[in-house]
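Take a look at the letters that make up each chain.
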Amino acid sequence: MLGTIPAYKPGRKAASPSGRSVKLSSNESPYGPLPSVIEAVTRSAADLNRYPDTAATELTGALADRFGVDEDRIALGAGSVGLLQQILEAVAEPGTEVVYAWRSFEAYPLLAGLSGADPVAVPLRGETHDLDAMAEAVTDRTRAVFVCNPNNPTGTAVRESELTAFLDRVPEHVLVVLDEAYREYVRDPQVPDGIAAFADRPNVAVLRTFSKAYGLAALRVGFMVAPPHIATAVRKTMVPFAVNHVAQAAAVASLAAEDELLERVAATVKERERVRDALLADGWELPSTEANFVWLRLGEHTASFAAAAEASGVAVRAFPGEGLRISIGTPEENDAFLEAAREFPHRNRD
């Protein structure tokens, strides 16, 4: 079975002959942890000889306070992708199905396959989730539906009215997972905060991560907010000590410094709009984005653009035959990408 499951491919690095190396391929924050977070990490490093608190008591309490939910509704994992695997271990088995949009987060088919479930990929419509088609794809074998909002890699987002109508159509015994890894970058007021909007739904779980906006990608901390019976099941499937002591300390400190951190998020959003506007002005076509990246659907030109960008020292994420996802970095890094885009002869409008 393993031979049929696609392997996850991390974002590439690049270096030009001049030595320039700009990595815009993994949706990472261009900013390091805040000083208070580094201090917390340094202090926690003195206890590396001790096992971490597998219940993550302090972090769970901090998350409950931050989001106004009871602690029994929270589960943790090694990043939101770790929680996805925990969820599937809890609800999926051979002969069942997992529904998701495609293209979306590339770990979905990998994790569905590892669980033994049959992946059911529903094509995007207009670069975003086709929620009507996804609802129609739900059968009596469906155990989970993944909705990535904003969607990775296109950056598009479904709005609250659309999502509410979709949730009303999904049977209550089917778990709907709202994967909100990029929630902090959303600026469209009609895109819902899943925790606030759907807290009372008995079959909805919302995933968040400290990897993106919080700048802790190396430490692997994700969390889920869900009804207690779902959170309890997902906590049971976590590998013991999966969220280490240093990661817990960094996450707690990040929550305490959230106002300062969100100033950095605002800077990234400003750069996102600048990059998108520049691409549109140069003749490229691309959808609106609510994440920390932009999407260019280039089809057969995808690989050649990625190669040209890499030759100039800029790494972007290529999905062969489909398109490119370009993370938003520092202004200087973004300028390097825009320079590479201007030198590429193709325009995706042609």
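Residues numbered from 1 in each chain as written. Predicted model: local features only at pLDDT ≥ 70, side-chain atom pairs only at ≥ 80, totals over all residues. Heavy atoms only, no water.

(A) A look at the overall build of the protein. From N to C terminus, the protein includes 12 helices and 11 strands. Expected size for 350 residues packed as a compact globule is a radius of gyration near 20 Å; at 20 Å, the protein falls within 12% of this value. Dimensions along the principal axes, computed over C-alpha positions, put the protein at roughly 55 × 50 × 45 Å. Within the protein, the fraction of its 350 residues that count as buried is 56%. Contacts in the protein between residues far apart in sequence, at least 24 positions, make up 73% of those at least 6 positions apart. Between the centroid of the 34 positive side chains of the protein and the centroid of its 48 negative side chains there is a distance of 3 Å. (Helix = DSSP H or I, 4+ residues; strand = E, 2+ residues; numbered from the N terminus. Rg over C-alpha atoms; globule rule 2.2 N^0.38 Å. Buried < 20%, exposed > 50% of the residue type's maximum accessible area, 1.4 Å probe, protein only. Contact = heavy atoms within 4.5 Å. Lys, Arg positive; Asp, Glu negative; His and termini not counted. Charge placed at Lys NZ, Arg CZ, Asp CG, Glu CD.)

(B) Spotlight on the nonpolar core. Leu-59, Leu-63, Met-134, Leu-163, Phe-166 and Phe-210 are the most contacted members of the largest nonpolar core, which has 58 residues in total. Residue contributions to this core peak at 6 residues, all from helix 9 (residues 245-256). Two domains each put at least three residues into this core: domain 1 (11-32 + 258-343) and domain 2 (35-256). Discounting residues that sit within four places of it in the chain, Phe-210 has contacts with Leu-59, Leu-63, Gly-215, Leu-216, Ala-217, Val-221, Phe-223, Ala-251, Ser-254 and Leu-255. (Core = buried A, V, L, I, M, F, W, Y, C linked by side-chain atoms within 4.5 Å. Domains from an automatic or database assignment.)

(C) Broad picture of the UniProt feature "modified residue: N6-(pyridoxal phosphate)lysine" (unreviewed entry) in the protein. UniProt records the feature "modified residue: N6-(pyridoxal phosphate)lysine" (unreviewed entry) for Lys-212 in the present numbering. As for its position among the elements, Lys-212 is in the loop between strand 7 (204-209) and strand 8 (222-225). Apart from residues lying up to four places away in sequence, Lys-212 is in contact with Ser-26, Asn-27, Ser-29, Ala-181, Tyr-182 and Tyr-185. In terms of polar contacts, Lys-212 uses its side chain to reach the backbone carbonyl oxygen of Ser-26, at 3.4 Å. (UniProt positions renumbered as here; feature names shortened; annotations may be inferred. Polar contact = N/O pair within 3.5 Å; in protein donor to acceptor, adjacent residues only side chain to side chain.)

(D) Highlighting unusual backbone geometry. The omega torsion across Trp-102 and Arg-103 is 15°, close enough to zero to call that bond cis. Here Arg-103 shows up in the loop between strand 3 (97-102) and helix 4 (107-115). Of note, Glu-127 is a non-glycine position whose phi angle comes to about 70°, a positive value. Among the secondary structure elements, Glu-127 is positioned in the loop between strand 4 (118-123) and helix 5 (131-137).

(E) Structural detail: the sheet that holds strand 3. One open sheet holds the 7 strands; their spatial order is 2-8-7-6-5-3-4, and the pairing between them is mixed. In the strand order of this sheet, the two ends are held by strand 2 (74-77) and strand 4, each with one partner. The mean angle between the axes of side-by-side strands here comes to 25°, regardless of whether they run parallel or antiparallel. With 4 bridges joining them, strand 2 and strand 8 adopt antiparallel strand pairing. Paired with Ala-75 across the two strands is Met-224, which belongs to strand 8. Strand contacts of helix 2 (residues 57-67): strand 2, strand 7 and strand 8, with the helix running at about 125° to strand 2, the strand carrying the most contacts. Its contacts with the sheet place helix 4 against strand 3, strand 4, strand 5 (142-148) and strand 6 (175-179), and it is angled at close to 170° to strand 3. (Pairing = 2+ DSSP bridges. Axes fitted to C-alpha atoms, helices over the stretch in contact; angles between N-to-C directions.)

(F) Empty space enclosed by the protein, seen in detail. All chains considered together, the criterion is met by 3 cavities of 30 Å³ or more. The calculated volume of the largest cavity comes to roughly 50 Å³. Lining the largest cavity are Ser-29, Tyr-31, Gly-32, Pro-33, Leu-34, Val-37, Ala-213, Tyr-214, Gly-215, Ser-254, Leu-261 and Arg-264. Residue composition of the lining of the largest cavity, grouped by class: 7 nonpolar, 4 polar and 1 charged. Counting the residues that make up the lining of the largest cavity, at least three belong to each of domain 1 (11-32 + 258-343) and domain 2 (35-256). (1 Å grid on protein atoms, 1.4 Å probe; cavity = no way out; pocket = protein on both sides within 12 Å on 5 of 7 lines; lining within 4 Å. Points joined across faces, edges and corners; volume = space filled by probe spheres on them. Nonpolar A, V, L, I, M, F, W, Y, C, P; charged D, E, K, R; others polar.)

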